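Chain by chain, the residues:
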Amino acid sequence: MLRNGVKAVCAGGLLLGLVLFAIGCGSDDNGGGGGGGTIALLLPENHTPRYEARDRPEFTAKVKDLCSDCKIIYSNAEQDASKQQSQGEAALTQGAKVLVLDPVDAGSAGAIVSKAKAQNVPVVSYDRLITNSDVDYYVSYDNVEVGKLQGNSLIKGLKAQNKPTGPVVMLAGDPADNNAGLFKQGANEALKAGNVKIAKSYDTPAWSADKAQNEMQQAITALGNSGFAGVLGANDDLGGAAIAAMKSAGIKPSSRPTTGQDATVAGLQRILIGDQYITVWKAVVPEAGAAAQIAVALAKGDDVPSDLINQQVDNGKKKVPSVILKPQAIVSTDPSGVNDVIKGGDAKASEICTGQYASACKEAGITQ
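These numbers come from a predicted model, not from an experiment.

Caption draft 1: How the structure looks around the nonpolar core. The biggest cluster of nonpolar side chains holds 48 residues, and the ones touching the most others in it are I39, F59 and V100. With ten residues, helix α11 (residues 284-300) is the largest single contributor of residues to this core. Discounting chain neighbours no more than four positions away, the residues touching F59 are I39, L41, I72, V100, A288, A291, A292 and A295. Grouped together as the second largest cluster of nonpolar side chains are 26 residues, A180, Y202, I220 and V280 included.

Following this line, the structure appears as structure tokens:
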């Protein structure tokens, strides 16, 4: 009943749909007839391209491949922790047997976990760790290593500009996101080891590119155009925002090495033309695939494949059985790495090699 109500509201439906409208539209991605169990995929936001373009379809495809009878309830919280709370409750009401939850807020998402556990529904923490809660599994990348890759790559870029100690501007991510703290930890460790000074540091709420551009503009005003040597941007949106601010101030981005993460199409394009120095690629296929394998096993009441689990990660409450994957740096000094992202399925040459980027693609050996 409730699942049909969700469909009704998303199509502009009536009475029962109106009740569910207040908690945000979700959708069902059915893999076939009943009997396989219902899995809820709860993603945090749609500002970052990867969630709708990559995580959702890859997770759905892997679930369907493993379990034709499984059903998927999908919701995106649009960076609203309260909405995600409601979506979690709705998924439980609709009979979800497993929650795969990428939290908007690492702390408050524990309330969703508590409600799931009260109904004996296991929770897989996806990409971002849910802290201080009884989650069953965690699937992500080594996020401290992500920060170290950014910091160490930035140091190489600074040395190439004869500015080995900076100073740099740091645009860290959303403080409500546990991953942002891990990225920052890794970056700070690398920069400290390299004796790089941080002139200005910001924690950017909601990973907002608009806020990051304002922060970078403030930094440039305070430091002057020549008062910084590079930018530690925690992801491609923040790095791209810093580059936009530099261009507005008349600063050539290639003279100030700038980091990013996620290997977005825009980030890869900036890598190819030298505007952005590095992006860190976290391939979605293995991450979404591992989460789907765990979720399907739990939904069916089967054992989770033991060879999947490679770490135990402390979330403040327990050691969580985890799948931790290794990130890869894609740098402008070796843009052939863009091909790795294309081969991995997280971008298409036809998306990247448009307009002004076509010649750079050709030089990097990327063909459509």
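Caption draft 2: Spotlight on the state of the cysteines. Per the counting criterion, the structure on display carries two disulfides. Here C67 pairs with C70 through a disulfide, and the sulfurs are 2.1 Å apart. Classification of the bridge connecting C67 and C70 rests on its S-S torsion, roughly 85°, and on that basis the disulfide is right-handed. The disulfide partner of C353 is C361, and the gap between their sulfur atoms is 2.1 Å. Handedness of the C353-C361 disulfide follows from its S-S torsion of about -90°: it is left-handed. For the pair C353 and C361, one class covers both residues: buried. Here the disulfide map of the protein chain reads 1-2, 3-4, the bonded cysteines being numbered as they appear in the sequence.

Caption draft 3: Layout of the packing of aromatic side chains. Under the defined criterion, the tally for this structure stands at one aromatic pair. Taking 6.2 Å as the distance between ring centres and 65° as the angle between the ring planes, the aromatic pair formed by F183 and W207 counts as edge-to-face. Remark: W207 occurs in the loop between β8 (198-203) and α8 (209-223) and F183 occurs in helix α7 (residues 178-193); sequence separation between them is 24 residues. Since its relative accessible area comes to 4%, F183 is described here as buried. What makes W207 buried here is its relative accessible area of 6%.

Thresholds, definitions, all that
Residues numbered from 1 in each chain as written. Predicted model: local features only at pLDDT ≥ 70, side-chain atom pairs only at ≥ 80, totals over all residues. Heavy atoms only, no water. Core = buried A, V, L, I, M, F, W, Y, C linked by side-chain atoms within 4.5 Å. Buried < 20%, exposed > 50% of the residue type's maximum accessible area, 1.4 Å probe, protein only. Helix = DSSP H or I, 4+ residues; strand = E, 2+ residues; numbered from the N terminus. Contact = heavy atoms within 4.5 Å. Disulfide = S-S within 2.5 Å. Phe/Tyr/Trp six-rings, centres within 6.5 Å; stacked < 30°, edge-to-face > 60°.

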